[in-house]
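Observations on the model geometry
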Amino acid sequence: MTGERVGVPVPCSSPPGLLSEGPRWDGSRGELLWVDILRSALHRARPGVSGALDPVQTVTLDRHVGAVAPATGGGFVLAAATGFLHVDEGGAVRELVQPEAGRGDVRMNDGACDAQGRFWAGTMAYDESPGAGALHRLELDGSCTTVLTGLTISNGIGWSPDGATMYLSDSGTARIDAFDFDAGAGAIARRRTIIEIDEPGVAPDGLTVDDDGAIWVALWDGAAVRRYAPDGTLLATVPFPVDRPTSCAFGGPEHATLYVTTARQGLDGPALARQPDAGRLFRVEGLGVTGPPCAPYRGRIRPS
């Protein structure tokens, strides 16, 4: 069951990352943002004339970085290690709030902002212990709320174009769940599984939602990005020349380029010889759909 095969992935970044993740198109700057989790790096780049990404800035931190969002007040908000940080344009770091303070067994993983500007990010245990992860929300007043517990590898998160549905993938359970979303309160309800990956060793990783409401999911150890309808029907598959796509986002001037991060973490010598571009970003053109830029964090930046 592969769906219609579409798109041709083209490498567009160099050098490769270790665990490249979380691409986000920052529409206000015309830049692509992404992180390299295990190399503790935030990357910024702009697409050049050839389509390759021209580096703008790399900020290296003192902890693992799971996700990034631009901030309307300037700079960027990061989900990193046990909590949230702010990084200004010069790379200076400010601590915000640490919902998992004092824990060395878990780290922040993927995250994204809702349309109202709250930053949602989930955690996972380093040893991937079942149920050890949680989903946290950085509020507009700078405080933090724990929304869900009992997750294993909290991963891709996104919202339907009308804002009425939130999607969340858990790589540890190989499921993507949908929730009714109350935009005003940021509340979620009526959790249900819409996609379950039943292929051994393959897990749903990061995701994005296009302007038509379809869900694009990167498949870790699945060598593909898939497009699903909101009811979970498989619509299309983009085959990849690397085993570990990690996340995806639409970007570029027309918001029609699908950018996909990949990983080389855990691949042995023979595997890397077979897929030398593992860890690089890829772009996929000509898919016939567009997707929105990432929503920024609109809240107060205050130190912890």
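So, a few notes on the structure that sits alongside this text. (Residues numbered from 1 in each chain as written. Predicted model: local features only at pLDDT ≥ 70, side-chain atom pairs only at ≥ 80, totals over all residues. Heavy atoms only, no water.)

**Concerning the overall build of the protein chain**
When helices and strands are counted, the protein chain shows one helix and 25 strands. Radius of gyration (C-alpha) of the protein chain: 17 Å, near the 19 Å computed for a compact globule of 304 residues. Seen along its three principal axes, the alpha-carbon backbone of the protein chain occupies a region of about 45 × 40 × 35 Å. By residue count, 57% of the 304 residues in the protein chain fall in the buried class. Contacts spanning at least 24 positions in sequence make up 49% of the contacts within the protein chain whose residues lie at least 6 apart. If you sum the accessible surface of the protein chain, you get close to 11600 Å²; carbon and sulfur atoms cover 50% of it. (Helix = DSSP H or I, 4+ residues; strand = E, 2+ residues; numbered from the N terminus. Rg over C-alpha atoms; globule rule 2.2 N^0.38 Å. Buried < 20%, exposed > 50% of the residue type's maximum accessible area, 1.4 Å probe, protein only. Contact = heavy atoms within 4.5 Å. Areas by Shrake-Rupley, 256 points an atom, 1.4 Å probe, with all protein chains shown as cover.)

**Section: the environment of Glu199**
Locating Glu199 in the fold gives a position in the loop between strand E18 (187-196) and strand E19 (203-209). Owing to a relative accessible area of 30%, Glu199 belongs among the partly exposed residues under this scheme.

**Concerning empty space enclosed by the protein**
What the rule picks out here adds up to one cavity of 30 Å³ or more. For the largest cavity, the calculated volume is near 30 Å³. Of the residues contributing to the lining of the largest cavity, the split by class is four nonpolar, one polar and two charged. (1 Å grid on protein atoms, 1.4 Å probe; cavity = no way out; pocket = protein on both sides within 12 Å on 5 of 7 lines; lining within 4 Å. Points joined across faces, edges and corners; volume = space filled by probe spheres on them. Nonpolar A, V, L, I, M, F, W, Y, C, P; charged D, E, K, R; others polar.)

**Brief notes about the nonpolar core**
Formed by 19 residues in total, the largest nonpolar core has its most connected members in Trp216, Val225, Val238, Phe240, Leu258 and Leu287. Of all elements in the fold, only strand E20 (215-220), strand E22 (234-239), strand E23 (245-251), strand E24 (257-262) and strand E25 (282-284) reach the threshold of two or more residues within this core. (Core = buried A, V, L, I, M, F, W, Y, C linked by side-chain atoms within 4.5 Å.)

**Quick look at the sheet that holds strand E9 (residues 83-87)**
Read from one edge of the open sheet, four strands run E7-E8-E9-E10, paired in antiparallel fashion. Across the chains shown, the open sheet's two edge strands, defined by having one partner strand only, are strand E7 (65-70) and strand E10 (93-97). Across the sheet, the axes of successive neighbouring strands diverge by a mean angle of 30°, strand direction being ignored. In the sheet, E9 pairs with E10 via four bridges, with the strands oriented antiparallel. (Pairing = 2+ DSSP bridges. Axes fitted to C-alpha atoms, helices over the stretch in contact; angles between N-to-C directions.)

**A closer look at the sheet that holds E25**
Ordered by their spatial adjacency, four strands build an open sheet running E2-E25-E24-E23, and the pairing between neighbours is antiparallel. The strands lining the two open edges of the sheet, one partner per strand, are strand E2 (10-11) and E23. With six bridges joining them, E23 and E24 adopt antiparallel strand pairing. Looking across to E24, one finds that Ala249 is bridged to Tyr259.

**A short note on the layout of surface pockets**
One number sums up the size of the largest pocket: a volume of about 610 Å³. Taken together, 34 residues form the lining of the largest pocket, with Cys113, Trp159, Pro292, Pro293 and Ala295 sitting closest to its centre. Elements with a contribution of two residues or more to the lining of the largest pocket: strand E3 (20-26), E7, strand E11 (106-113), strand E15 (154-159), E19 and E23. Taken as a whole, the second largest pocket spans an internal volume of roughly 400 Å³. For the second largest pocket, the lining is made up of 19 residues, of which Met124, Glu128, Ile153, Trp220 and Gln265 are closest to its centre.

Just distances and angles here, no functional claims.
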